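Now for the letters of each chain:
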Amino acid sequence: MIILGIETSCDETAAAVVLKDKNGVRILSNVVASSATLQAKYGGIIPEQAAREQIKSIIPVIEESLQAAGIRPQDLDAVAVTYGPGLIGSLLVGVETAKTLAIIWHKPLIPINHLLGHFYANWITDTLTHRSTDIPVFPCIGLLVSGGHTDLVLFTNHGKYKYLGGTRDDAAGECFDKCARLLGLPYPGGPQISKLAKEGNPDKFKLPIPMRDSKDLDFSYSGLKAAVARIVDSGQVTGDSEKANLSSSIEETIAESLIEKVVKAIQIYKVEQIIVAGGVAANKKLVDRLQLTVDSMNPKIKLHIPPASLCTDNGAMIASAAFFIDKTISPLDLQANPNLSLQSL
Ligand code: KG4
Ligand code: ZN
């Protein structure tokens, strides 16, 4: 089985050709064009501009993905596409392109929820790292940490899960991005804060760990952003070393708040498999600390985290998801849904 996966939910235009055989899910090509340099210039995403960039890039990116894989359209078994959630203008570019290609190539069309798609980066066999040497086994706890979402679910099978909790306001990635902006750092903020944090001391600025005492499995990050804004406004962050110290506190606090809820979920549901996904899963401090924590809880617990390049938006995770959630749709019936969530599945 060979699937072309198309992803255009935000500011990345991505297409990948992915193969599934007896050895698992393997990437034949994975092309990502990002308009991040434009976003960096304007300090964030301007939806209309992101959609315009998607239109410019979509056909060259798909062509490049087929060429790099050495695959002709007739060799494909299906086309998979992200149909939500995301920015409507960006989503429409991928969805309408995928619908058109499915019709003219006479291929089945598989719509994928972007959030679920993120988790399926963990099923890509040829990029398994030392951290996870094999694919996840059900049941498993899933933590999704992206720019727009922070969700905790309990998977019992492919596409089948119980929603455990989510953010009540900002997402973890959004918090990284907003705090970075307060510190005068460019978009996307996560990697910038992480880079600066390496030089900083997390004990110089004390930040409250959000939702620490709440009994549920929810998250909240708007209070943390407000606390960072108060510190910046008070004039304490004047030079590079203070910026590094505050970055270090921000990174530690976000990582700690995520880990605490994963630990709580493991204790409640007694599972031994954890899958993490989304752009923030590229954060080394988060993944190293989560690994240490679960190892100390129970050495049998397996933590699955994709390599950093597959944590952020890409087409390979969308194609990977399509192998397991094989729900085809007639192209004329598919509509982009910017408000899709994990709760609405
Ligand atoms: O999953 P993703 O690529 O796009 C969405 O679906 O939202 O996630 C993007 C988010 C951004 O907020 C970005 O700042 C964050 O992931 N991010 C990181 C890192 N790399 C990307 N956050 C912390 N540390 C990183 N290394
Ligand atoms: Zn994403």
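Reference entry: report on the structure contained in this document. (Residues numbered from 1 in each chain as written. Chains lettered and ligands numbered in written order. Predicted model: local features only at pLDDT ≥ 70, side-chain atom pairs only at ≥ 80, totals over all residues. Heavy atoms only, no water.)

## Observations concerning the overall build of the protein
In terms of regular secondary structure, the protein is built from 11 helices and 10 strands. Counting only C-alpha atoms, the protein reaches 60 × 45 × 35 Å along its principal axes. When each of the 345 residues of the protein is scored for burial, the buried share is 55%. Taking the contacts inside the protein whose residues are at least 6 apart along the sequence as the reference set, 76% of them involve residues at least 24 apart. On the protein, the mean spot of the 33 positive side-chain charges and the mean spot of the 36 negative ones are 3 Å from each other. (Helix = DSSP H or I, 4+ residues; strand = E, 2+ residues; numbered from the N terminus. Buried < 20%, exposed > 50% of the residue type's maximum accessible area, 1.4 Å probe, protein only. Contact = heavy atoms within 4.5 Å. Lys, Arg positive; Asp, Glu negative; His and termini not counted. Charge placed at Lys NZ, Arg CZ, Asp CG, Glu CD.)

## Overview of the pattern of salt bridges
Opposite charge on two side chains allows them to pair when their charged atoms are near. The final tally for this structure, using the stated rule, is 17 salt bridges. A salt bridge links Arg212 to Glu260; its shortest N-O distance comes to 2.5 Å. Placement of the pair is Arg212 in the loop between helix H6 (189–197) and helix H7 (222–233) and Glu260 in helix H8 (residues 240–269), with a sequence separation of 48 residues. Connected via shared salt-bridge partners are Arg168, Asp216, Asp218 and Lys261. (Salt bridge = Lys/Arg side-chain N within 4 Å of Asp/Glu carboxyl O.)

## What to know about the site of ligand 1
Not every one of the 20 residues close to ligand 1 is listed here, only the nearest: His118, Gly147, Asp177, Gly190 and Gly279. Within the backbone of Gly147, one N or O atom sits 2.7 Å away from an oxygen atom of ligand 1. Between an oxygen atom of ligand 1 and a main-chain N or O atom of Gly173, the distance comes to 3.1 Å. For ligand 1, the accessible surface in isolation is 550 Å², of which the surrounding protein chains cover 89%. Mapped onto the shell around ligand 1, the elements with two or more residues apiece are helix H4 (114–119), helix H5 (172–182) and H6. (Near = heavy atom within 4 Å. Polar contact = N/O pair within 3.5 Å; in protein donor to acceptor, adjacent residues only side chain to side chain. Areas by Shrake-Rupley, 256 points an atom, 1.4 Å probe, with all protein chains shown as cover.)

## Here we look at the packing of aromatic side chains
Enumeration over the complete set of coordinates arrives at 7 aromatic pairs. Considering the side-chain rings of Trp123 and Phe324, the 6.1 Å spacing of their centres and the 55° angle between planes classify their relative orientation as tilted. With Trp123 in the loop between H4 and strand S6 (140–145) and Phe324 in helix H11 (residues 315–324), this pair connects stretches of sequence that are 201 residues apart. Ring geometry for Phe138 and Phe155: centres 6.5 Å apart, planes at 45°, overall tilted. Placement of Phe138 in the loop between H4 and S6 and of Phe155 in strand S7 (residues 150–157) is noted, with a sequence separation of 17 residues between them. (Phe/Tyr/Trp six-rings, centres within 6.5 Å; stacked < 30°, edge-to-face > 60°.)

## Digging into the sheet that holds strand S2 (residues 12–21)
Strand order across the open sheet formed by 5 strands is S3-S2-S1-S4-S5, with mixed pairing between neighbours. One side of each edge strand has no neighbouring strand; the edge strands of this open sheet are strand S3 (24–34) and strand S5 (109–113). Averaged over neighbouring strand pairs, the angle between their axes works out to 20° when direction is ignored. Taken together, the 10 bridges between S2 and S3 define a ladder with antiparallel strand orientation. Considered in S3, the bridge of Lys20 is made with Val25. Strands in contact with helix H3 (residues 88–105) are strand S1 (2–7), strand S4 (78–84) and S5; relative to S4, the strand with the most contacts, it is inclined by about 155°. (Pairing = 2+ DSSP bridges. Axes fitted to C-alpha atoms, helices over the stretch in contact; angles between N-to-C directions.)

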